[in-house]
Number of protein chains: 2
Amino acid sequence: MSYAGKKRKLDKTRQDRVYFDSYSDVTVHEEMIADYVRTNTYRTAILKNSELIRGKVVLDVGAGTGVLSIFCAQAGAKKVYAVEACSIAEQAVEIVKQNNVEDVVEVIRGTVETVELPEKVEVIVSEWMGYALLHESMLNSVLYARDRWLKAGGLILPSRAELYITPISDPVVEDRLYFWYTVKEQYGVDMSCMSNFARRCIKNSDIIVSNVAMEDVLSHPARFAELDLHSVTVEELRTVKGRFTCESFGSAAVNAFCVYFTVTFPCPEKPHSLVLSTSPFYPETHWKQAVLYLDSPVEVVQDTPFSGEVSMFPSEDSSRHICIHVDYTIGEQKEQSKTFSIPDWTAEPQP
Amino acid sequence: MSYAGKKRKLDKTRQDRVYFDSYSDVTVHEEMIADYVRTNTYRTAILKNSELIRGKVVLDVGAGTGVLSIFCAQAGAKKVYAVEACSIAEQAVEIVKQNNVEDVVEVIRGTVETVELPEKVEVIVSEWMGYALLHESMLNSVLYARDRWLKAGGLILPSRAELYITPISDPVVEDRLYFWYTVKEQYGVDMSCMSNFARRCIKNSDIIVSNVAMEDVLSHPARFAELDLHSVTVEELRTVKGRFTCESFGSAAVNAFCVYFTVTFPCPEKPHSLVLSTSPFYPETHWKQAVLYLDSPVEVVQDTPFSGEVSMFPSEDSSRHICIHVDYTIGEQKEQSKTFSIPDWTAEPQP
């Protein structure tokens, strides 16, 4: 049988089909637009800030299909520069026309680092976040745009990003290890020794992007980093790190940490901010959560303390790929460390 | 936001997790062993043929974890050579020991084209089938093994493969195109013009591997090719083709063809054969079906005839990648043609 082809997933539901099928450009945009938490929070944030946008010049960094630019036009922007490097810019031009905002929204094909705008802007809007916030993110481009094109005192939407970590107990991975013990009953062949091999394969140093179920979360999440988009520098992004402490809700076997992010929009109305959260306690988004498996599960009881430090930095192999290093102490255990990275999904699987 | 990373799917259920996570070798083997239709049909076929296997020498081509080799040992084989080129051979050695059949099953690390066996064999068993039967399949290796190592009159399990085609009406793809008409109601931005772009992206020439729902199948499937593993040659595999005719069950919009395969094992007991089917009318397997989208849907009524010819041949870019060319006539329409190929999942997505 053929290994390589079988490692990839194709299925029939929208959620599944939305990835993958032939890497068609449309798929990723469909997924983003269909992510209601994402698109609606941006829409709400832009419309709630219409006092600050009306009559102003806006730059949309990485505009994609141009939907955020059109929200800004609807909020009364005088001009929106929708900068997009990919060929989806051609669709953005059509969508802008279809919504009769071509006098306001100007789609510019190119990277924000290379395009020349005719003027400085009062507002920057961008949906730049990647998995675990920083994986293949466009944040550096947003900061470039800020330093190059944003007038002093200008608005950045979103204006803040925060990173959280929490211990979890993921039953799926333990089920997968247990699967090999069930083979004998099913087929009469004892394959239980595969469980060790499976443990080595599954509990490796890859960052797994998946939806963590709320009931698998073992403590209140701890914020370990905050980025103020008005002030953070490209240099500071080279390592984003911070300490965390939290305590177990109850007795469980901790087998992973979960890392996720929120971004915050200023909002003139109370409560004066609007949060786009990718927390496992909130509705699912296409970002899901980043799961970091420990080498072996650790039994904890109620109030067992967790503490440590998380560092996020670009991979040496590819600056757009993120690594997450965690130093952690669970209860009375001595400190342990593990470094995780997002697997290179485009690499040829090993035979 | 980051496109590349978001094109890949990672999810939490077993079915999903079983692909992907870090290309760990265990994942693909877990998926194959957990595919009950696959593993149990092989097991049943081997045990039902125990009269022909008992006391005989067997070659397992591409043995993987060695499960088929152990079935053969359980069926009374005198000796089983489990030839496996990948590192999973190391696990096969352990599993063989764990099942106390190391005197019978000898795991040999290498390709069947290069290993030297100490003797000829009376039986070849192999699970060589890929998507759409021939995508990245090991059939050429099985034929090599047959010609080099199988004694005259020997047994091959399975001994026959058949390919089928049927027209289908896939609602998911039409839903996806319609999605763009729903955006205005949801977010106040008209994105309906994306539907054309989506159509071009989705209805391209990729072979999509997905589970076709029984109710989406529009006719009795038509067999268009049959391979007798005792006689087929590598030369004949360079193009596998055949004509088909079938008739619509009822009124529908045909938007794709579905191609799938069966393999057949001889069986001394009635009904004298045992079929492993990947038909949409049978329980799901990890092979799913191969879906070939037409450029536009065609309305048909009950008994509308379909006819044409299917050719399957290796891609010019990669001989292990399969192409499917379909010449087809639907009802009174003039003949049309379309060539499909499995997308290169390892290629870097286009920005």
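All values derive from a computational prediction rather than experimental measurement. (Residues numbered from 1 in each chain as written. Chains lettered and ligands numbered in written order. Predicted model: local features only at pLDDT ≥ 70, side-chain atom pairs only at ≥ 80, totals over all residues. Heavy atoms only, no water.)

Tallying secondary structure elements over chain A gives 11 helices and 15 strands in all. Relative to the compact-globule value of 20 Å for 351 residues, chain A shows a C-alpha radius of gyration of 22 Å, a close match. The buried share among the 351 residues of chain A stands at 64%. As displayed, chain A offers around 13,300 Å² of accessible surface, 48% of which is attributable to carbon and sulfur atoms. For chain A, the distance from the average position of its 35 positive side-chain charges to the average position of its 49 negative side-chain charges is 2 Å. (Helix = DSSP H or I, 4+ residues; strand = E, 2+ residues; numbered from the N terminus. Rg over C-alpha atoms; globule rule 2.2 N^0.38 Å. Buried < 20%, exposed > 50% of the residue type's maximum accessible area, 1.4 Å probe, protein only. Areas by Shrake-Rupley, 256 points an atom, 1.4 Å probe, with all protein chains shown as cover. Lys, Arg positive; Asp, Glu negative; His and termini not counted. Charge placed at Lys NZ, Arg CZ, Asp CG, Glu CD.)

Our next topic: the sheet that holds strand β13 (residues 305-314) of chain B. Residue and element names in this part refer to chain B. Taking strand neighbours across the sheet as the criterion, the 4 strands line up as β9-β13-β14-β15 in an open arrangement whose pairing is antiparallel. Each end of this open sheet is capped by a strand with a single partner; those strands are β9 (240-247) and β15 (336-341). Put simply, the sheet's adjacent strands are angled 20° from each other on average, direction ignored. Across 9 bridges, β13 lies against strand β14 (residues 322-330) in antiparallel orientation. Each bridged residue has a counterpart across the sheet, and for P314 the counterpart in β14 is I322. (Pairing = 2+ DSSP bridges. Axes fitted to C-alpha atoms, helices over the stretch in contact; angles between N-to-C directions.)

Where nonpolar side chains cluster on the molecular surface, the patch consists of M214, F249, F281 and Y282 of chain A and spans about 410 Å² of accessible area. Locating F249 of chain A in the fold gives a position in the loop between β9 (240-247) and β10 (252-266). (Patch = residues over 30% accessible without salt bridge, like charges linked within 9 Å, V, L, I, M, F, W, Y side chains within 5 Å. Salt bridge = Lys/Arg side-chain N within 4 Å of Asp/Glu carboxyl O.)

This part covers the nonpolar core. Core analysis: the biggest nonpolar cluster contains 120 residues, and L59, W128, L133, F244, M312 and V326 of chain A have the highest contact counts within it. Per-element accounting of this core gives the leading share, 7 residues, to β10 of chain A. With residues up to four places along the chain from it excluded, the contact list for L59 of chain A reads Y81, V83, V112, L117, V121, V123, I124, V125, A145 and W149 of chain A. The next biggest cluster of nonpolar side chains, apart from the first, holds 119 residues, and it includes V173 of chain A together with I46, W128 and I322 of chain B. (Core = buried A, V, L, I, M, F, W, Y, C linked by side-chain atoms within 4.5 Å. Contact = heavy atoms within 4.5 Å.)

Let's shift gears to the pattern of salt bridges. This structure, assessed with the given rule, holds 30 salt bridges over all chains. Across the pair K79 of chain A and E106 of chain A runs a salt bridge whose closest N-O atoms are separated by 3.4 Å. Taken together, the residues K79 of chain A in strand β2 (residues 79-84) and E106 of chain A in strand β3 (residues 105-109) connect sequence positions 27 residues apart. Classification of K79 of chain A as buried rests on a relative accessible area of 16%. Close ionic contact of E162 of chain B with R160 of chain B constitutes a salt bridge, the shortest N to O distance being 3.5 Å. Its relative accessible area of 6% is what places E162 of chain B among the buried residues. Among the charged side chains, a network of salt bridges with common partners joins R160, E162, R223 and E226 of chain A.

Time to look at the domain arrangement of chain A. Where the parts come together, the accessible area they lose is often given as the size of the interface. Residue and element names in this part refer to chain A. Per the domain assignment, the segments of chain A are domain 1 (12-159) and domain 2 (162-341). Here domain 1 and domain 2 have C-alpha centroids that lie 29 Å from each other. Opposite the 35 residues of domain 1 that make contact, domain 2 presents 37 residues. Summing both sides of the interface, domain 1 and domain 2 together bury roughly 3,300 Å²; the carbon and sulfur share of this comes to 69%. For the interface between domain 1 and domain 2, the tally reads 1 salt bridge. Between E269 and K48 there is a salt bridge; the shortest N-O distance is 3.0 Å. Linking domain 1 with domain 2 are 11 residue pairs in polar contact (both at pLDDT 80 or more). Counting only elements with at least two residues in the side of domain 1 that touches domain 2, the list comes to α3 (25-34), α4 (36-48), α8 (139-149) and β5 (150-157). If you tally residues by element for the side of domain 1 that touches domain 2, the top one is α4, at 7 residues. (Domains from an automatic or database assignment. Buried area = accessible area lost by both parts, 1.4 Å probe. Polar contact = N/O pair within 3.5 Å; in protein donor to acceptor, adjacent residues only side chain to side chain.)

Residues given the UniProt feature "domain: Protein arginine N-methyltransferase" (unreviewed entry) here are residues 160-332 of chain A. Along residues 160-332 of chain A one finds 17% helix and 46% strand; the C-alpha atoms at either end are 35 Å apart. (UniProt positions renumbered as here; feature names shortened; annotations may be inferred.)

This brings us to the packing of aromatic side chains. Applying the stated criterion across every chain, the model contains 16 aromatic pairs over all chains. Arranged with centres 5.9 Å apart and planes meeting at 20°, the rings of Y187 of chain A and Y36 of chain B form a pair that is stacked. With one member in each of two chains, Y187 of chain A in helix α9 (residues 171-187) and Y36 of chain B in helix α4 (residues 36-48) form a pair that bridges those chains. Using a relative accessible area of 42% as the deciding quantity, one classes Y36 of chain B as partly exposed. By the ring-pair criterion, three or more aromatic residues cluster together here, those being F244, F257 and Y328 of chain A. Over the ring of W149 of chain A we find R148 of chain A, and its NZ or CZ is 3.9 Å from the ring centre. (Phe/Tyr/Trp six-rings, centres within 6.5 Å; stacked < 30°, edge-to-face > 60°. Lys NZ or Arg CZ within 6 Å of the ring centre and 35° of its normal.)

This brings us to the state of the cysteines. Taken as a whole and judged by the stated rule, the model has 0 disulfides over all chains. With no disulfide partner, C86 of chain B has as its closest neighbouring cysteine sulfur the one in C201 of chain A, 13 Å distant. C193 of chain B takes part in no disulfide bond, and the closest cysteine sulfur, belonging to C201 of chain B, lies 13 Å away. (Disulfide = S-S within 2.5 Å.)

Moving on, we get to the sheet that holds strand β14 (residues 322-330) of chain A. All names here are of chain A. If you walk across this open sheet you meet the 4 strands as β9-β13-β14-β15, and the pairing is antiparallel. With partners counted over all chains shown, the strands left at the sheet margins are β9 and β15 (336-341), one partner each. Strand-to-strand, the axes of this sheet are offset by a mean angle of 20°, without reference to chain direction.

Here we take up the packing of α4 of chain B against helix α6 (residues 67-74) of chain B. All names here are of chain B. Between α4 and α6, the least distance of the axes is 9 Å, while the angle of their chain directions is 25°. The pairing of α4 with α6 is recorded here as roughly parallel in orientation. Pair α4 / α6 crosses with right-handed handedness. Contact residues: α4 offers T39, Y42, R43, I46 and L47, while α6 offers L68, F71, C72 and Q74. Grouping the amino acids of the contact of α4 with α6 by side-chain chemistry returns 6 nonpolar, 2 polar and 1 charged. (Parallel < 35°, antiparallel > 145°, perpendicular 65-115°, else oblique. Left-handed = near helix turned anticlockwise from the far one by under 90°. Nonpolar A, V, L, I, M, F, W, Y, C, P; charged D, E, K, R; others polar.)

Attention now goes to the environment of V123 of chain B. Residues and elements named next belong to chain B. For V123, the location among the structural elements is in strand β4 (residues 121-126). Residue classification places V123 among the buried residues on the basis of a relative accessible area of 1%. Through-space distance from the C-alpha of V123 to that of V232 is 17 Å; in sequence the pair is 109 residues apart. The residues contacting V123, other than those within four sequence positions of it, are L52, I53, K56, V57, V58, L59, L150 and L155.

Structurally, the position occupied by S319 of chain A is in the loop between β13 (305-314) and β14. Sequence separation of S319 of chain A and I88 of chain A is 231 residues, and the distance between their C-alpha atoms is 24 Å.

Right, let's talk about the environment of M138 of chain A for a bit. The topology assignment puts M138 of chain A in the loop between β4 (121-126) and α8. Put simply, M138 of chain A and F306 of chain A are 168 residues apart on the chain and 32 Å apart in space, counted from C-alpha to C-alpha.

Residues and elements named next belong to chain A. For α4, built from 13 residues, the straight-helix expectation of 18 Å at 1.5 Å per residue is met to within 8% by its first-to-last C-alpha distance of 17 Å. Within the sequence span of α4, burial applies to V37, R38, T39, N40, T41, Y42, A45 and I46. A side-chain oxygen of the first residue of α4 lies 3.3 Å from the backbone nitrogen of V37; this N-cap is D35. (Expected span 1.5 Å × (residues − 1).)

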